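Geometric and topological summary
If you want the building blocks of each chain, they are given just below.
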Amino acid sequence: MQIVQEIVQSPEQPIKEVRLISAEEERLLRDGFNQTHMDEDWSQSVVALIEAQASVRGDEVAVVCEGQRLTYRELNERANQVARFLLERGCAKNEIVGIMAERSVAMIIGLLAIEKVGGAYLPIDPATPAERIQYLFEDSGIRTVLSQSRLVDQAAFAGVAVYDLEDEAQYASYERTNPDVPLLPDDLAYVLYTSGSTGQPKGVMLTHGGMVEPLALDGSALRHGRKRGRAAKDDLHV
């Protein structure tokens, strides 16, 4: 959830500068994971933080991109509609859902929707060669991919359903209320693939539990309407 965390922490940051994974995650992927235990307070999940902002700052601008402007309420409601669309199609908790999209409003909506259904997102760079994409799909067991209009054909592989995040009419009939799928520390949050020693990419599954402490800090900053160290801006400029 590095992307969503950076948006929560630095709402004025251009999306092109948002990191897909944190420096700590890069270190963990390179050096291995240390098994630690902590008492989790999962009331401060990314989903809960965004929903809280939609409740208390609903009419304030959250995202700006190439003429598109979404308030916190609109962002949350559109993600809810996509989430309910996914739930109706059988998307289950801990299911890996691919997202192939350029950094955009649609990408943010898709990431949030996947988390709202309890799924784990697998980011796929549109510049990835077709044979590698096929390997990622087969190795991860993906059966659903969220994408953008110009990338739908690129994401289309046998056995994989691809849905266009920019086709608003497809989601318009779904309720805008929060789906309220419970999230637990051991639930998957996202999956990253890194080059393996054999040449084949290797998947690393990351859970929500590992993000509890930084999310709690971010939530504290949000509740006070500021980021740590400097005043918060209101919106995210893409």
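The structure under discussion appears in the preceding block.
Calculation notes
Residues numbered from 1 in each chain as written. Predicted model: local features only at pLDDT ≥ 70, side-chain atom pairs only at ≥ 80, totals over all residues. Heavy atoms only, no water. Buried < 20%, exposed > 50% of the residue type's maximum accessible area, 1.4 Å probe, protein only. Helix = DSSP H or I, 4+ residues; strand = E, 2+ residues; numbered from the N terminus. Arc of directions from axis to C-beta. Contact = heavy atoms within 4.5 Å. Axes fitted to C-alpha atoms, helices over the stretch in contact; angles between N-to-C directions. Left-handed = near helix turned anticlockwise from the far one by under 90°. Nonpolar A, V, L, I, M, F, W, Y, C, P; charged D, E, K, R; others polar. Core = buried A, V, L, I, M, F, W, Y, C linked by side-chain atoms within 4.5 Å. Parallel < 35°, antiparallel > 145°, perpendicular 65-115°, else oblique.

An α-helix turns once every 3.6 residues. As a result, residues three or four positions apart point the same way. Of all the residues in helix H6 (residues 130–140), the buried ones are Ile 133, Leu 136, Phe 137 and Ser 140. Looking straight down H6, one finds its buried side chains confined to an arc of 95 degrees; they lie on one side. Facing away from the buried side of H6 by over 90 degrees, the exposed positions are Glu 131 and Glu 138. Residues of H6 that are buried in the fold lie against strand E3 (96–100), strand E4 (120–123), strand E5 (144–147), helix H7 (152–155), strand E7 (188–195) and strand E8 (201–207). At the exit of H6 stands Gly 141, carrying a positive phi of roughly 75 degrees.

Another point: the environment of Val 56. Relative to the helices and strands, Val 56 is located in helix H3 (residues 46–56). Spatially, the C-alpha atom of Val 56 lies 9.2 Å from that of Tyr 72, the residues being 16 residues apart in sequence.

Our next topic: the packing of H3 against helix H5 (residues 105–116). Taken N-terminus to C-terminus, the directions of H3 and H5 make an angle of 115 degrees; their axes are 9 Å apart at the nearest point. The two elements H3 and H5 cross, and the hand of that crossing is left-handed. Contacts between H3 and H5 involve Val 47, Ile 50 and Glu 51 on the former and, on the latter, Leu 112, Glu 115 and Lys 116. Taken together, the residues that form the contact of H3 with H5 break down as three nonpolar, no polar and three charged.

Turning next to the nonpolar core. Of all hydrophobic cores here, the largest spans 40 residues; its most connected members are Leu 75, Val 82, Leu 86, Ile 99, Ile 114 and Leu 146. Secondary-structure elements contributing two or more residues to this core are H3, strand E1 (61–65), helix H4 (72–88), E3, H5, E7 and E8. Here the element with the most residues in this core is H5; it accounts for nine residues. Dropping the residues within four chain positions of it, Leu 86 is found in contact with Cys 91, Ile 114, Val 117, Thr 144 and Leu 146. Judged by nonpolar contacts, the second largest core, of 15 residues, contains Ala 155, Phe 157, Val 160 and Val 191.

Let's shift gears to the packing of H4 against H5. One way to put it is that H4 packs onto H5 with a least axis distance of 8 Å and a crossing angle of 55 degrees. By the angle class used here, H4 and H5 are oblique. As H4 packs across H5, the resulting crossing turns out to be right-handed. For the pair H4 and H5, the contacting residues are Leu 75, Asn 76, Arg 78, Ala 79, Asn 80, Val 82, Ala 83 and Leu 86 in the first and Ile 108, Ile 109, Leu 112, Ala 113, Ile 114 and Lys 116 in the second. Considering only residue class, the contact of H4 with H5 consists of 10 nonpolar, two polar and two charged.

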